[in-house]
Amino acid sequence: MDIVAKCPQCDAGLPVSAADAPDVIKCGACGRDIPLAVTQAVRSGTRLDVCPVCGGADFYGRKDFDPKMGLTVVIIGIAISAVFYWFKRDLIAYSILAAATLVDLFIYGRLKDLSVCYRCHTEFRGPEARTSPAFDLHTADVLEMEYERKIGRR
Ligand SMILES: [Zn+2]
Ligand SMILES: [Zn+2]
């Protein structure tokens, strides 16, 4: 399982591999030491039970999607179709636009799920990290507040 640990101080994402994660990692952005408590289940990749960064056990699943990538495809599509539109080739223009949208849907459909820690937003990728329930705003509110109080942000 691949982990992107979120620095509690500056929110920088620090990629770590669960299998050989050290006990402490240093944030490359702010220099803070972040202790990692990787459980046996996480290290061996059997199950995502406890977050190594904050010790929380609540995760939500979301699609591993980079919105910038999808947007780029659509923007390129619009740019190309605008050229054809300019030359009064409406039909070609529309089909290019439709094609760009389809490519976008295709990319989205192939995305894998990842799990995110409700408290510290650390991300987990891997086959065993695809079983988390959908995001719940109420849970997020409660747990984020609890965590931020714990690390002294509020
Ligand atoms: Zn940091
Ligand atoms: Zn966490």
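Described below are features of the structure shown in this document.

Conventions we followed
- Residues numbered from 1 in each chain as written.
- Chains lettered and ligands numbered in written order.
- Predicted model: local features only at pLDDT ≥ 70, side-chain atom pairs only at ≥ 80, totals over all residues.
- Heavy atoms only, no water.
- Salt bridge = Lys/Arg side-chain N within 4 Å of Asp/Glu carboxyl O.
- Helix = DSSP H or I, 4+ residues; strand = E, 2+ residues; numbered from the N terminus.
- Buried < 20%, exposed > 50% of the residue type's maximum accessible area, 1.4 Å probe, protein only.
- Pairing = 2+ DSSP bridges.
- Donors = N, O, S within 2.8 Å, 3.2 Å for Na, K, Ca; no water.
- Phe/Tyr/Trp six-rings, centres within 6.5 Å; stacked < 30°, edge-to-face > 60°.
- Axes fitted to C-alpha atoms, helices over the stretch in contact; angles between N-to-C directions.

### A few points about the pattern of salt bridges
Tallying each qualifying case throughout the model produces seven salt bridges. The shortest N-O distance in the salt bridge between Glu123 and Arg62 comes to 3.3 Å. Remark: Arg62 occurs in strand β5 (residues 59–63) and Glu123 occurs in strand β7 (residues 123–125); sequence separation between them is 61 residues. Residue Glu123 is classed as buried on the basis of its relative accessible area, which comes to 11%. The class of Arg62 is partly exposed, set by a relative accessible area of 30%. With a closest N to O distance of 3.2 Å, Arg125 and Glu123 form a salt bridge. Overlapping salt bridges, with partners in common, bring together Lys6, Arg62, Glu123 and Arg125 in one network.

### What to know about the pairing of strand β1 (residues 2–6)
On a regular strand, one side chain projects to one face of the sheet and the next to the other, so that they alternate. Of all five residues making up β1, four are buried, and the element is well covered by its neighbours. Both β1 and strand β2 (residues 13–17) contribute to a ladder of five bridges, which runs antiparallel. Counted as the bridge partner of Lys6 is Gly13 from β2. The antiparallel pairing of β1 with β2 creates a hairpin that spans six residues between the two strands, and Asp11 there sits at a positive phi of about 70 degrees.

### Some remarks on the coordination of the zinc ion (ligand 2)
At the metal site, the zinc ion (ligand 2) is ligated by Cys51 (SG), Cys54 (SG), Cys117 (SG) and Cys120 (SG), and these contacts range over 2.2 to 2.3 Å. Along the chain, the residues that donate to the zinc ion (ligand 2) are spaced as C-x2-C-x62-C-x2-C. The two residues Cys117 and Cys120 agree in class, both being buried.

### Some thoughts on the packing of aromatic side chains
In this structure the tally under the stated criterion is five aromatic pairs. An angle of 55 degrees between the planes, with centres 4.9 Å apart, marks the rings of Tyr60 and Tyr118 as tilted. With Tyr60 in strand β5 and Tyr118 in the loop between β6 (113–117) and β7, the pair connects residues that are 58 residues apart, well separated along the chain. Note on accessibility: Tyr60 and Tyr118 belong to one class, buried. For the pair Tyr85 and Tyr94, a centre-to-centre distance of 6.3 Å together with 65 degrees between the ring planes defines the contact as edge-to-face. Aromatic rings pair up to connect Tyr60, Tyr118 and Phe135 into one cluster.

### Things to note about the sheet that holds β5
Taken in spatial order, the five strands make up an open sheet running β2-β1-β7-β6-β5, and their pairing is antiparallel. One side of each edge strand has no neighbouring strand; the edge strands of this open sheet are β2 and β5. Each adjacent strand pair in this sheet contributes to an overall mean axis angle of 25 degrees, direction not counted. Pairing between β6 and β7: two bridges, direction antiparallel. Residue pairing in the sheet places Val116 in a bridge with Glu123 of β7.

Such coordinate-based values are descriptive only and should not be taken to indicate function.
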